[in-house]
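Observations on chain architecture
Below are the chains, spelled out letter by letter.
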Amino acid sequence: MNEATTQPQRRVRIAPSILTADFGRLAEQARAAEAGGADLFHLDIMDGQFVPQLSFGTEVVAAIRAATSIPIEAHIMVQRPQEHFESLARAGARTLVFHEEADGHVLRSIEAIHALGCAAGIAISPDTPVERAEELLDAVDEVVIMLVYPGRGGQEMLAQHLDKVRRLRAALQSSSRTVTIEVDGGVKAHNIAQCAAAGVDQVVAGSAIYNPNETPQQALAALRTALAAGAR
């Protein structure tokens, strides 16, 4: 029996990341992904401190919200994430994901997100033990397992960290908790079924969707085809 048949089948949601989109046509690019069947958008907020790169802020979140109707989650890769929760929620993000490794008290940050009426997610980088996320399963709505080092697109997936997904899935199956497990980094058509087999609920895909070789609709169709093939 192959790995893809060892886990209960679930519909894996696909969350485009717009880092490699054409920002000169951002609304059009967002609408193309929505038309192609994207389930939500995953928007990376980077401050140049927690990670070396700068990305964008609330204006881009608001622009995506105005252009599309599907949910938005903000992946807050900044040193002091709690300073940005309220503005991102006002801009239209409905899930706020921050890093366990960032400054601040994790449980108080989760409480602050819930007080804004948003879902709270915790992300862990590759070098962070999965136990740090497992300890928070009673408090969070989502766990994001980074399969690359955060901060830049186009990296190859570190597939060994799918073991963290398997461990979290097993922990959730032995309890009544409902927590979304998402992976972020290096997801492509050739490995998305491997992610599904590990037990993810959502995958983030950036350059697999926004690239010069195909439209977002074509890319999303290819990812769905690969998921279907892996489930057989």
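Quantities reported herein were computed from a predicted structural model and do not represent experimental measurements.

The rules we used
Throughout this description, residue numbers start from 1 for each chain and increase along the sequence as written. Local features in this predicted model are restricted to residues of pLDDT 70 or higher, and side-chain atom pairs are both shown and tallied only at a pLDDT of 80 or more, whereas totals for entire chains, interfaces and linings draw on every residue. Excluding hydrogens and water, the side-chain figures rest on all heavy atoms present in the structure. In this description a helix means any DSSP run of H or I spanning at least four residues, a strand means any run of E spanning at least two, and both kinds are numbered starting from the N terminus. Throughout, radius of gyration means the C-alpha value; the globule benchmark is 2.2 Å times the number of residues raised to the power 0.38. Residue contacts are counted whenever heavy atoms from the two residues lie within 4.5 Å of one another. Throughout, the Shrake-Rupley method with a 1.4 Å probe supplies accessible areas, and for residues the shown protein chains are the sole cover considered. Charge assignment in this entry is limited to Lys and Arg as positive and Asp and Glu as negative, and neither His nor the chain termini are counted. Note on charges: their place is set at NZ of Lys, CZ of Arg, CG of Asp or CD of Glu. Between N-to-C directions, angles cover 0 to 180 degrees, with each direction set by a line fitted to C-alpha atoms, over the stretch in contact for helices. Relative orientations are named as follows: roughly parallel for angles under 35 degrees, roughly antiparallel for angles over 145 degrees, roughly perpendicular for angles from 65 to 115 degrees, and oblique for any other angle. Each crossing gets its hand from how the near helix is turned against the far one by less than a right angle, where anticlockwise is left-handed and clockwise is right-handed. Residue polarity is assigned by list, with Asp, Glu, Lys and Arg as charged and Ala, Val, Leu, Ile, Met, Phe, Trp, Tyr, Cys and Pro as nonpolar; anything else, Gly included, falls into the polar class. Accessible area is worked out with a 1.4 Å probe on protein chains only. A residue is then buried under 20% of its type maximum, exposed over 50%, and partly exposed in between. Here is how to tell: hold the view so the strands point away, follow the path from the first strand over the helix to the second, and if it runs clockwise the crossover is right-handed. For two strands to pair, DSSP has to find at least two bridges joining them.

In this section: the overall build of the chain. Regarding its fold elements, the chain presents eight helices and eight strands. At 16 Å, the chain has a C-alpha radius of gyration in line with the 17 Å of a compact globule built from 232 residues. Summarising its shape, the C-alpha atoms of the chain cover approximately 50 × 40 × 30 Å along the three principal directions. Taking as baseline every contact in the chain between residues at least 6 positions apart, the subset at least 24 positions apart corresponds to 65%. For the chain, the computed accessible surface area is about 10,000 Å², with 49% contributed by carbon and sulfur atoms. Distance from the positive charge centre (20 side chains) to the negative charge centre (28 side chains) of the chain: 4 Å.

A separate point is the packing of helix 1 (residues 26-35) against helix 2 (residues 58-67). What describes two packed helices is the angle between their axes and the distance between those same axes. Contact geometry of helix 1 with helix 2 gives a least axis separation of 9 Å together with a crossing angle of 55 degrees. In terms of their interaxial angle, helix 1 and helix 2 are classed as oblique. In the packing of helix 1 onto helix 2, the handedness of the crossing is right-handed. Within the contact between the two elements, helix 1 uses L26, A27, A30, R31 and E34 and helix 2 uses V60, I64 and A67. Its residues assigned to classes, the contact of helix 1 with helix 2 shows six nonpolar, no polar and two charged.

Extensive coverage of strand 2 (residues 41-46) is indicated by the burial of six of its six residues. Across the two faces of strand 2 the burial is the same, with F41, L43 and I45 and H42, D44 and M46 all buried. Note that the unit made of strand 2, helix 2 and strand 3 (residues 72-77) has a crossover that is right-handed.

Across the sheet, eight strands lie side by side as 1-8-7-6-5-4-3-2; this open sheet has parallel pairing. Since the sheet does not close on itself, it has two edges, and those belong to strand 1 (13-16) and strand 2, each with one partner. Sheet twist, expressed as the mean angle between neighbouring strand axes with direction ignored, is 25 degrees. The pairing of strand 1 with strand 8 (residues 202-205) spans four bridges and is classified as parallel.

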